[in-house]
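Report on the structure
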Amino acid sequence: MKKVILSLLTILLFSGLAQAQTTATEKKMADLSSRPADHLMIQFGSDSWVGAPDSVKTSGMGRHFNIYFMLDKPFKTNNKFSLAYGVGFGTNNQYIDKRTIVDLSQVGNSIRFKQLDSLANRYDKQKVATVYLQVPAEIRYYSNPANPAKSWKLAAGVKVGLLFKGYTKMKDYQTVNGTSFYGKTYVQKVSNKRFFTSNDVTLTARAGYGILSLNVGYSVTPVIRDGYGPSFNRLSVGLSISGL
């Protein structure tokens, strides 16, 4: 009789433990049947060059615009977390001080940031721009995984990019007194990828609520190709619009 009672107590104990584990797991899991598995992520904001020498004179804040098609894969053990990855394009534009010329047309293997003297003609506006084909990946956390539109979100990850285009764009060539030579709509564009880092790696982080989040990115690879000019990195801060 004692063996029977002991056996029953043992069965009840293990049944209770199993039930407790099941309940704990269920609390971690949410019904994601109505949550989409793919989405677009759009990012825009400001850029700056970090660690640039005094010879590299920028003008104000640059800007970026990124668009990615993403897939979202929730963790099976806890679907408040997910792995997201995708593909898309990232663009970066940095404005340059009008007293500096960035020469991409030279035949040598070193990009020049040439300072103009006080009497030289100059462009009223100019920028350095790059376009990367990128593969982003990030680990995400949702406070409410079943309803991302009403959820706090955190994400950290990396973007690996391949240079698609690199160029400078100058607008409105002027005298030192500001008189336009060819009109305010005159534009000169010089494309040359070889001075820019061909394979970019950027660390990323996001935090927000609903479809909006603040995004931060830091390129661990330099903007200018190693050995082809001054070494500095890119810091990006902006907003992300994403359904997940």
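What you are looking at is a predicted structure, and each value in this text was computed from that prediction instead of being measured.

It is worth spelling out the overall build of the protein chain at this point. Helix and strand content of the protein chain: one helix and 11 strands. Secondary structure elements of the protein chain occur, N-terminal to C-terminal, as α-β-β-β-β-β-β-β-β-β-β-β. For the protein chain, long-range pairs separated by at least 24 residues make up 70% of all intrachain contacts whose partners lie at least 6 apart in sequence.

Overall, the predicted model of the protein chain reaches an average pLDDT of 88, with 89% of residues at or above 70. Mean pLDDT across the elements of the protein chain ranges from a minimum in helix H1 (residues 2–28), with 44, to a maximum in strand E10 (residues 212–219), with 98. Scored below 50 in pLDDT, residues 4–26 makes zero contacts in the model with residues more than four places away or belonging to other chains.

Further remarks concern unusual backbone geometry. Among all residues save glycine, negative phi is the norm, and among peptide bonds the norm is trans. In this structure, Asp172 takes a positive phi of about 65° despite not being glycine. Among the structural elements, Asp172 can be located in strand E7 (residues 152–174). Exposure remark for Asp172: the relative accessible area of 3% places this residue in the buried category.

Moving on to the nonpolar core. Ranked by size, the top nonpolar core spans 19 residues in total, and within it Trp49, Ile111, Phe113, Phe196, Ile224 and Phe232 carry the most contacts. Only strand E6 (122–142) and E7 provide two or more residues apiece to this core. The element contributing the most residues to this core is E6, with three residues. In this structure, Phe232 is in contact with Trp49, Val50, Gly51, Ala52, Pro53, Val56, Phe113, Pro222, Val223 and Ile224, ignoring residues within four places of it in sequence.

A separate point is the pairing of strand E9 (residues 199–209). Along E9, the buried face is formed by Asp200, Thr202, Thr204, Arg206 and Gly208; none of Asn199, Val201, Leu203, Ala205, Ala207 and Tyr209, which line the opposite face, is buried. Judged from the 11 bridges that link them, E7 and E9 form a sheet pairing that is antiparallel. Within E9, the residue paired with Val158 across the bridge is Leu203. Across eight bridges, E9 lies against E10 in antiparallel orientation.

A separate point is the packing of aromatic side chains. For the coordinates displayed, the defined rule picks out 13 aromatic pairs. A ring pair is formed by Phe181 and Tyr182, whose centres lie 6.0 Å apart and whose planes are at 40°; its orientation type is tilted. Arranged with centres 6.3 Å apart and planes meeting at 70°, the rings of Phe195 and Tyr228 form a pair that is edge-to-face. With Phe195 in the loop between strand E8 (187–191) and E9 and Tyr228 in the loop between E10 and strand E11 (233–242), this pair connects stretches of sequence that are 33 residues apart.

A word on the side chain of Ser236. Tracing the chain through its elements places Ser236 in strand E11. Residue Ser236 is classed as buried on the basis of its relative accessible area, which comes to 11%. Polar contacts involving the side chain of Ser236 include one to the side chain of Asp47, which spans 2.8 Å. Leave out the neighbours within four places in its chain, and Ser236 touches Ser46, Asp47, His64, Asn92, Asn215, Val216 and Gly217.

Turning to the pattern of salt bridges, a few remarks are in order. Charged atoms that come close allow side chains of opposite charge to pair. Within the structure shown, the criterion is met by seven salt bridges. Residue Asp72 pairs with Arg140 through a salt bridge whose shortest N-O separation is 3.1 Å. Of this pair, Asp72 sits in strand E2 (residues 62–74) while Arg140 sits in strand E6; the two residues are 68 residues apart in sequence, bridging distant segments of the chain. The pair Asp72 / Arg140 is uniform in exposure class, with both members buried.

Counting through the fold element by element, Ser143 comes out in the loop between E6 and E7. Given a relative accessible area of 28%, Ser143 falls into the partly exposed group. Not counting chain neighbours up to four residues away, the residues in contact with Ser143 comprise Lys80, Ser151 and Trp152. Within the local environment of Ser143, its side chain forms a polar contact with the backbone nitrogen of Trp152, the two atoms lying 2.9 Å apart.

What counts as what
Residues numbered from 1 in each chain as written. Predicted model: local features only at pLDDT ≥ 70, side-chain atom pairs only at ≥ 80, totals over all residues. Heavy atoms only, no water. Helix = DSSP H or I, 4+ residues; strand = E, 2+ residues; numbered from the N terminus. Contact = heavy atoms within 4.5 Å. pLDDT = per-residue confidence, 0-100. Buried < 20%, exposed > 50% of the residue type's maximum accessible area, 1.4 Å probe, protein only. Core = buried A, V, L, I, M, F, W, Y, C linked by side-chain atoms within 4.5 Å. Pairing = 2+ DSSP bridges. Phe/Tyr/Trp six-rings, centres within 6.5 Å; stacked < 30°, edge-to-face > 60°. Polar contact = N/O pair within 3.5 Å; in protein donor to acceptor, adjacent residues only side chain to side chain. Salt bridge = Lys/Arg side-chain N within 4 Å of Asp/Glu carboxyl O.

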